[in-house]
Amino acid sequence: MLDVDITKKLGEFELRTKFSITDEKTAILGASGCGKSMTLKCIAGIETPDAGRIVLNDRVLYDSNKKINLPPQKRRVGYLFQNYALFPNMTVAQNIGFALEGKPEKNNVVNEFINKLRLNGLENKYPSQLSGGQQQRTALARMLALDTEIIMFDEPLSALDSFLKWELEQELLDIFGGFDRPILYVSHDRGEVFRLCDQIVILDKGEIVSNSTKHNLFENPKSVTGTILTGCKNISPVFCRGNGIVIAEDWGVGFKIPQGIDEDTVRFVGVHAHLMRNGAEYENVFNAQIINVIEDVFNWIVVLKLSPQAKKTFRWVVSKKEIARLQTGTNITVGMASEQVLFLES
Amino acid sequence: MDSTLFVPIWISVKTAVLATIITFFLGIYAAVFVIRSKKYQGFWDGIFTLPMVLPPTVVGFFLLLLLGKNSYAGKFFALFDYNFIFSWEATVVSAVVVSFPLMYRTARGAFEQLDNNIIYAARILGISEWKIFWRVMLPNSFYGIMAGVVLAFTRALGEFGATIMVAGNIPGKTQTISTAIYTAVQAGDYELAYKWVSVVVAISFAVILLLNCWISKQGKNSAYLTKKAG
């Protein structure tokens, strides 16, 4: 159980995070510079907040009122750095065993984690002789060999090419599956976060704008920031509403509001690029003009004008299997169910 | 061979070696102190660098003020019937003061180039600050520290201005090669001056060369210092 409630001035804005996590895998998702790494550093004790309180399993790590600020050495947290921060002057085995020196169980623990993370044969290699994947496994072993109360990851995959990234993500997935204490994972990649974590906290300019389960977040992001972070490419403000219809200002078209949503609360609409369909058998149908067609690996990325009054274009992604050819300048009928449209309150 | 030829060489070498050992610890300590002090960092850096930019005679003058007969330290020394000025110890102290900034600045540069994350990682792993310093910071800034040692040693070996003011130029006691060369030239004995000049050049060059060789050999032996291609 981790409770965080801290503030810290960060250049132009103030970081204000308040959340608590139990044993689930929680991600902090946010654009770069939103304060997500700073939050982790404050928990680990390598940065000090201006005020607030951090409590881990009934142990107060930081409390500005009681003037408590445990040094990182006493916090019992695990931290995986983006560059892994292995000690360059130590071998794999020395890196893993460094924090266990002088303890009788050292050799057993080091061997256990060398086996667990498949580092056999690399015990005497230095970090500079390892591949990226081996470096990550060494850093994971070093972190897990200590019996910490939480493990934290600071964008461990964001500097990697996509092939290696996938390989290392599988590694993390394995670790996450067998770890029964809280995990805090910081990233700006929504896909990564969705695959690895259960709970997602969204941070924007130092403020938490959403904290919900991943399914809730992706189906009902509520805010524009959350919607952008879930990968939605089409967002428009609403400029008038009535009779169960809201009009999207940017595209000059209306969307029917499904049962259960109060039309007066809708300020923005969001449409995922791949949820639009070709055809007329939907609640919301538009006769759109094709402005441009960009060929992607498996999809067409189609730039559409949903109505003649549209101020901005609309991005549509459609599989090449579904439509063989698209002609720029022609019109096409597209539509979607209202359930798949995101009606946002802020 | 004239044995007086070797006396200044011996005095110079033992002065420079002892001064380098003292400077090594003081310089590293000062570097860590300045890096960790958030307030007044510029002030301390200024103080520690000053001996490098001031004329050596000014440094000597300050040392006379601080440690001379009429100073508090001098009066304290007098209680034990000891006079610091014109002693061999004075050559060491002068060499320490002028070589210190070189050690301090190179060590500081080396520490500041370290990846902060490895120090943070060590702290989070529960490693004590003392152990982090000896086992993480120092080994990983090896080149910089060694460069500082070489610079400090050669500077200590060549020290002249402060030495002649504080320690004087007493043959067999405080006369180093530098001051001996000065004396020889003053006396018009160029042959003797040549000999000492070549000794100073040879020692300084040999030390630098030896260290360069050693560092490149170390680099080949220890894999952690070699950069991986690609």
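Residues numbered from 1 in each chain as written. Chains lettered and ligands numbered in written order. Predicted model: local features only at pLDDT ≥ 70, side-chain atom pairs only at ≥ 80, totals over all residues.

A separate point is the overall build of chain B. Helices and strands together make up the secondary structure of chain B, namely 11 helices and 0 strands. Taken from the N to the C terminus, the helices and strands of chain B come in the order α-α-α-α-α-α-α-α-α-α-α. Oriented by its inertia axes, the alpha-carbon framework of chain B measures out at about 60 × 45 × 30 Å. (Helix = DSSP H or I, 4+ residues; strand = E, 2+ residues; numbered from the N terminus.)

Owing to its 3.6 residues per turn, the α-helix brings residues three or four apart onto one side. Little of helix H4 (residues 72-79) of chain B is tucked away: 0 of the 8 residues are buried. Looking at the residues trailing H4(B), positive phi occurs at B:Asp81, about 60°. (Buried ≥ 20, exposed ≤ 12 C-beta atoms within 10 Å, placed from the backbone.)

Residues and elements named next belong to chain A. You can read the domains of chain A as domain 1 (2-226) and domain 2 (232-344). Across the contact, 4 residues belong to domain 1 and 4 residues belong to domain 2. A breakdown of the residues in the side of domain 1 that touches domain 2 according to their chemical character gives 2 nonpolar, 1 polar and 1 charged. (Domains from an automatic or database assignment. Contact = placed C-beta atoms within 7 Å. Nonpolar A, V, L, I, M, F, W, Y, C, P; charged D, E, K, R; others polar.)

Listed as buried for helix H10 (residues 177-186) of chain B are B:Ile177, B:Ser178, B:Thr179, B:Ala180 and B:Ile181. Among the residues trailing H10(B), B:Gly188 stands out with phi positive, at a value near 80°.

Counting residues at the interface gives 19 residues for chain A and 19 residues for chain B. Here the residues of the side of chain A that touches chain B are counted per class, giving 14 nonpolar, 5 polar and no charged.

Right, let's talk about the nonpolar core for a bit. Counting 111 residues, the largest nonpolar core has A:Tyr79, A:Ala141, A:Met152, A:Tyr185 and B:Ala121 as the members making the most contacts within it. Among the elements that line this core, the one with the most residues is helix H5 (residues 88-113) of chain B, at 14 residues. Of all hydrophobic cores here, the second largest spans 25 residues; its members include A:Phe255, A:Val271, A:Leu306 and A:Val318. (Core = buried A, V, L, I, M, F, W, Y, C linked by C-beta atoms within 7 Å.)

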